[in-house]
Amino acid sequence: MQDYEERQQARRERYEARAEKLRSEAQALNSQASDMASAIPFGQPILVGHHSEKRDRRYRGRIHDTFGRAYANEQKADYYEAKAKSVGTGGISSDDPRALEKLRQKLADLQRMQTMMKKANVIIRNYPPHLWEGELLKLGFTETQTHVAIYPVQGLKPGFEPFALQNNNANIRRVAMRIAQLEKEAERETTETKGSGYTLREDTEQNRVMFIFEEKPDEETRKLLKSNGFKWSPTRSAWVRMLNANGRWAANCVKQKLDAMLAD
């Protein structure tokens, strides 16, 4: 758990550092563009037909481009700041040591909601309207959920429409399948396969399949890795991607091509 949190924190800090660098560059570019613009007298138009026209237009164009680069860096800085804030908030990561625990709780919540919605529909079909609110609150619905169920948007009937039950049921199946997949992955052990100049490792603790090279791979090998979804991880000194069925399939493709390249 500590290792997972440390990696999350390191990822957050990388995004923050990138945002800070871009923000600093944007400020420098803004200052540069402002200094360039200050050389032009306020309100001075381009002197059309004058010998300085072309030079003046090029100079003003560079000012415009510099301001544009500053703005682009500001936008990128905003993007990475948002990325930093979102670390750990994007759902249940398979890297999380508590992923199975969290998914089982999520599955239980979805199943409970499915049962509650069905009971709510029975109440709304068979009970007088003045009892609906109290009965739905007894089932465990919040006041907001109860209000939405009793007073739906125009065109819908009170209660939970079939599509709501179908969507929730689809989520139940999806989460159950993910739990089964993670349970299967948890039974696996870390394995290593040696190749010529590389090691292919399926690391169950880090949830990554990775290629570790004895020396920096050449450009052709790097292109092969990238085209199969592998990314360089400085912290692991390896080319990695998520350890799942797709990751194993991609790793096998890369291994076969690497072995063929080395055999030629």
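Preceding this paragraph is the structure being described.
As the structure is a computational prediction, the values presented were derived from the model and not from experiment.

1. Quick word on the overall build of the protein
Thought 1: Of the regular secondary structure elements, the protein holds eight helices and five strands.
Thought 2: Helices and strands in the protein line up, N terminus first, as α-α-α-α-α-α-β-β-β-α-β-β-α.
Thought 3: The C-alpha radius of gyration of the protein comes to 29 Å, more than 25% above the 18 Å expected for a compact globule of 264 residues.
Thought 4: Along the first, second and third principal axes, the C-alpha set of the protein runs to 90 × 65 × 35 Å.
Thought 5: Per-residue burial over the protein gives 31% buried out of 264 residues.
Thought 6: A sequence separation of at least 24 residues applies to 60% of the contacts in the protein between residues at least 6 apart.
Thought 7: Summed over all atoms, the accessible surface of the protein reaches about 17,800 Å², with 51% contributed by carbon and sulfur.
Thought 8: Taking the average location of the 45 positive side-chain charges in the protein and that of its 37 negative ones, the two points are 5 Å from each other.

2. Some words on the sheet that holds strand β3 (residues 208–213)
Thought 1: Spatial ordering of the open sheet is given by β1-β2-β3-β5-β4, a layout of five strands whose pairing is antiparallel. The strands lining the two open edges of the sheet, one partner per strand, are β1 (191–194) and β4 (231–233). For this sheet the average axis-to-axis angle between neighbouring strands, irrespective of direction, equals 25°.

3. Let's talk about the pairing of strand β5 (residues 238–242)
Thought 1: Direction of pairing for β3 relative to β5: antiparallel, over a ladder of four bridges. Bridge assignment links Val209 to a residue of β5, and that residue is Arg241.
Thought 2: Bridge count for β4 against β5 is three bridges, and the pairing is antiparallel. Across the sheet, residue Ser233 finds its bridge partner in β5, namely Ala238.
Thought 3: With antiparallel pairing between neighbouring strands as the criterion, β4 and β5 make up a hairpin whose turn holds four residues, including Ser237 at a positive phi of roughly 55°.

4. Remarks on the packing of aromatic side chains
Thought 1: Scanning all chains against the criterion turns up eight aromatic pairs.
Thought 2: Seen from their ring centres, Phe141 and Phe160 are 5.4 Å apart, and the 20° between their planes marks the pair as stacked. In this pair, Phe141 is assigned in the loop between α4 (129–139) and α5 (143–150) and Phe160 in the loop between α5 and α6 (162–186), connecting sequence segments 19 residues apart.
Thought 3: Ring centres of Tyr198 and Phe213 lie 6.2 Å apart, and the angle between their planes is 50°; on these two criteria the pair is classed as tilted. Within this pair, whereas Tyr198 is found in strand β2 (residues 198–203), its partner Phe213 is found in strand β3, the two being separated by 15 residues in sequence.

5. Focus: α4
Thought 1: Buried within α4 are the following residues: Trp132, Glu135 and Leu136. Down the axis of α4, the buried set is contained in an arc of 100°. They therefore lie on one face. Those residues of α4 that are exposed and aimed more than 90 degrees away from the buried face are His130 and Lys138.
Thought 2: Those residues of α4 that are buried are in contact with α3 (99–126) and α5.
Thought 3: Looking one or two residues beyond α4, the residue adopting positive phi is Gly140, at roughly 115°.

6. Re the environment of Tyr198
Thought 1: Assessed through its relative accessible area of 3%, Tyr198 is described here as buried.
Thought 2: Sequence spacing of Tyr198 and Asp96 is 102 residues, and the spatial spacing of their C-alpha atoms is 28 Å.
Thought 3: Setting aside its immediate chain neighbours within four residues, Tyr198 contacts Thr193, Phe211, Ile212, Phe213, Lys255, Leu258, Asp259 and Leu262.
Thought 4: In terms of polar contacts, Tyr198 uses its side chain to reach the side chain of Asp259, at 2.7 Å.

Conventions used here
- Note on numbering: residues in each chain are counted from 1, in written sequence order.
- For this predicted model, a pLDDT threshold of at least 70 governs which residues receive local features, and a threshold of 80 or more governs which side-chain atom pairs are given and counted, while totals over whole chains, interfaces and linings are taken from all residues.
- Remark: hydrogens and water are excluded; side-chain values derive from all non-hydrogen atoms of the structure.
- In DSSP terms, a helix is any run of H or I states spanning at least four residues, a strand is any run of E spanning at least two, and both are numbered starting from the N terminus.
- C-alpha atoms define the radius of gyration in this analysis, and the globule rule sets the expected value at 2.2 Å times the number of residues to the power 0.38.
- When accessible area is computed with a 1.4 Å probe and restricted to protein chains, residues below 20% of their type maximum are described as buried, those above 50% as exposed, and intermediate ones as partly exposed.
- Contacts were defined at the residue level, with two residues in contact if any of their heavy atoms lie within 4.5 Å.
- Surface accessibility follows the Shrake-Rupley procedure with a 1.4 Å probe radius. Residue values consider only the protein chains on display as shielding.
- Charged residues are defined here as Lys and Arg on the positive side and Asp and Glu on the negative side; His and the ends of the chain fall outside this count.
- Every charge is mapped onto a representative atom, which is NZ of Lys, CZ of Arg, CG of Asp or CD of Glu.
- Here, strands pair whenever DSSP counts at least two bridges between them.
- Fitted lines through C-alpha atoms give the axes, limited to the stretch in contact for helices. The angle between two N-to-C directions lies from 0 to 180 degrees.
- For this analysis, a ring pair means two rings from Phe, Tyr or Trp (six-membered ring only for Trp) whose centres lie within 6.5 Å, classed as stacked if their planes differ by under 30 degrees, edge-to-face if by over 60, and tilted for the remaining angles.
- Summarising the geometry, the arc corresponds to the directions from the helix axis toward the C-beta atoms.
- Each polar contact in these results corresponds to two N or O atoms within 3.5 Å; when the atoms are within protein, one needs to be able to donate a hydrogen and the other to accept it, and residues that are neighboring in sequence are counted only if both atoms are side-chain atoms.

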